[in-house]
Amino acid sequence: WTETNPPTFTACAETVQYCTVCGQIVNQADIPAYQVSVQQWNVTLGGDLRVTFYVNLDSRLLPAHTKIRIAAGENTATFPVTELTKTEDGCYAAYVHLVAAQMTDAIAVTVVQGEQESLPMVYSVRGYADQVLQDDSMTAYHQLVKDMLHYGAATQSYFDYHCDDLADSGVSGWGDQDIPD
């Protein structure tokens, strides 16, 4: 394998594939399974929501041929790994921007190398908020997160966007604010 000629595997039968580099027929079980994972992720509030994923890539993946794709609704961003910042612990930081009404949208993170793709790792801002609300060490942020979810639901209702799956479903409490109907 070289940086300029990475191996890919092309199907030639249901259970047999061949390597496009050497032409050797291999069994599906012999093809190396690359390990990719999201080590951590966070949501940053600003003029919009920035969801950052810290992706850990298998060392056998060649950075020059690897991309990280993040898709949320109509927002899709693809980042060549060579253009991403690598953290001290070896993860690559990639992000997507969302609006408040997209808090319940599925965010799919996929690692792509050539024609091969990892299985999508799926997240949502609502899922992140649920993690914070269930974490007793994060109680200082519980009201802020609840208010954020209520705001997301209000924008969903206003724009008639996924009203069957409101961001604040099952969440109570607006803090000290009195929000009129």
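As the structure is a computational prediction, the values presented were derived from the model and not from experiment.

Reading the values: rules and limits
Along each chain, numbering runs from 1 in the same order as the chain's sequence is written. Local features in this predicted model are restricted to residues of pLDDT 70 or higher, and side-chain atom pairs are both shown and tallied only at a pLDDT of 80 or more, whereas totals for entire chains, interfaces and linings draw on every residue. The side-chain values count all of the structure's non-hydrogen atoms but skip hydrogen atoms and water molecules. Numbering of helices and strands runs from the N terminus; a helix is a DSSP stretch of H or I covering at least four residues, while a strand is a stretch of E covering at least two. Here the term buried applies to any residue with accessible area under 20% of the maximum for its type, exposed to any over 50%, and partly exposed to those in between, with areas from a 1.4 Å probe on protein chains only. We call two residues in contact whenever any of their non-hydrogen atoms come within 4.5 Å of each other. Each accessible area value is a Shrake-Rupley result obtained with a 1.4 Å probe; residue values ignore everything except the protein chains displayed when judging cover. Only rings of Phe, Tyr and Trp enter the pairing, Trp through its six-membered ring, and a pair is recorded when the two centres are within 6.5 Å. The plane angle decides the type: under 30 degrees is stacked, over 60 is edge-to-face, the rest tilted. Look at NZ for Lys and CZ for Arg. If either is within 6 Å of the ring centre and within 35 degrees of the ring normal, a charge sits over the ring. Using a 1 Å grid laid over the protein atoms alone, points where a 1.4 Å probe fits but cannot get out form a cavity; open sets with protein on both sides within 12 Å along at least 5 of 7 lines form a pocket; any residue with an atom within 4 Å of a point counts as lining. Grid points are joined across faces, edges and corners, and a volume is the space filled by probe spheres set on the points. Only Asp, Glu, Lys and Arg are considered charged in this grouping, and only Ala, Val, Leu, Ile, Met, Phe, Trp, Tyr, Cys and Pro are considered nonpolar; every other residue, Gly among them, is considered polar. Two strands form a pair only when DSSP identifies at least two bridges running between them. Angles shown run from 0 to 180 degrees and are taken between the N-to-C directions of axes, each axis being a line fitted to C-alpha atoms and, for helices, limited to the stretch in contact. Only residues whose relative accessible area exceeds 30% and that form no salt bridge enter a patch; like-charged residues are grouped when within 9 Å of one another, and nonpolar side chains (Val, Leu, Ile, Met, Phe, Trp, Tyr) when within 5 Å. Salt bridges are defined as contacts in which a side-chain nitrogen from Lys or Arg sits within 4 Å of a carboxyl oxygen from Asp or Glu.

Participant: Help me understand the overall build of the protein in this model?
Facilitator: On a plain count of helices and strands, the protein comes out with two helices and twelve strands. In the protein, the succession of helices and strands from N to C terminus is β-β-β-β-β-β-β-β-β-β-β-β-α-α. Every one of the 181 residues in the protein was classed for burial, and the buried ones make up 38%. A sequence separation of at least 24 residues applies to 49% of the contacts in the protein between residues at least 6 apart. Carbon and sulfur atoms make up 49% of the accessible area of the protein, which amounts to about 10900 Å² in all.

Participant: Even after reading the chapter, I still don't get the packing of aromatic side chains, so can you show me in this structure?
Facilitator: Describing an aromatic ring pair means giving the distance of the ring centres and the angle of the ring planes. Taken as a whole, this structure holds six aromatic pairs when the rule is applied. Ring centres 5.4 Å apart and planes at 50 degrees place the aromatic pair Phe 79 and Tyr 95 in the tilted group. Here Tyr 95 lies in strand E9 (residues 92-98) and Phe 79 lies in strand E7 (residues 75-80), a separation of 16 residues in the sequence. Residue Tyr 95 is classed as partly exposed on the basis of its relative accessible area, which comes to 28%. Clustering of aromatic rings is evident, with ring pairs tying together Trp 41, Phe 53, Tyr 123 and Tyr 128. Its guanidinium or amino end placed over the ring of Tyr 95, Arg 50 lies 3.8 Å from that ring's centre, counting from NZ or CZ.

Participant: Please explain the layout of surface pockets as it appears in this structure.
Facilitator: Taking a probe equal in size to a water molecule and rolling it over the atoms shows the remaining empty space. The calculated volume of the second largest pocket comes to roughly 210 Å³. What lines the second largest pocket is simply Leu 45, Gly 46, Gly 47, Asp 48, Leu 49, Val 99, Ala 100, Met 103, Leu 144, Asp 147, Met 148 and Tyr 151. With four residues, helix H2 (residues 142-158) is the single largest residue contributor to the lining of the second largest pocket. For the lining of the second largest pocket, the residue count by class is eight nonpolar, two polar and two charged.

Participant: I keep staring at the sheet that holds strand E4 (residues 37-45) and nothing clicks. Help me out?
Facilitator: Remark on secondary structure: sheet strands pair via backbone hydrogen bonds, oriented parallel or antiparallel. Sheet architecture is open: four strands sit in the order E4-E5-E9-E8, paired in antiparallel fashion. Edge positions in the open sheet fall to E4 and strand E8 (85-86), since each of these has one partner strand only. Sheet topology places strand E5 (residues 49-56) next to E9; seven bridges connect them, and they run antiparallel. Along E9, the bridge assignment pairs Tyr 54 with Ala 93. Here helix H1 (residues 125-134) sits on the sheet and contacts E4, E5 and E9; the angle it forms with E4, its principal contact strand, is near 90 degrees.

Participant: Would you take a moment to explain a nonpolar patch on the surface for this structure?
Facilitator: Taken together, Leu 45, Tyr 141 and Leu 144 make up a surface patch of nonpolar side chains, about 300 Å² in accessible area. By the secondary structure assignment, Leu 45 is in strand E4.

Participant: Teacher, can you tell me more about the environment of Thr 85 here?
Facilitator: Take Thr 85: it is sitting in strand E8. On the basis of relative accessibility, which here comes to 57%, the residue Thr 85 falls in the exposed class. Thr 85 sits 31 residues away from Tyr 54 along the chain, and the two C-alpha atoms are 9.8 Å apart.

Geometry only, nothing functional implied.
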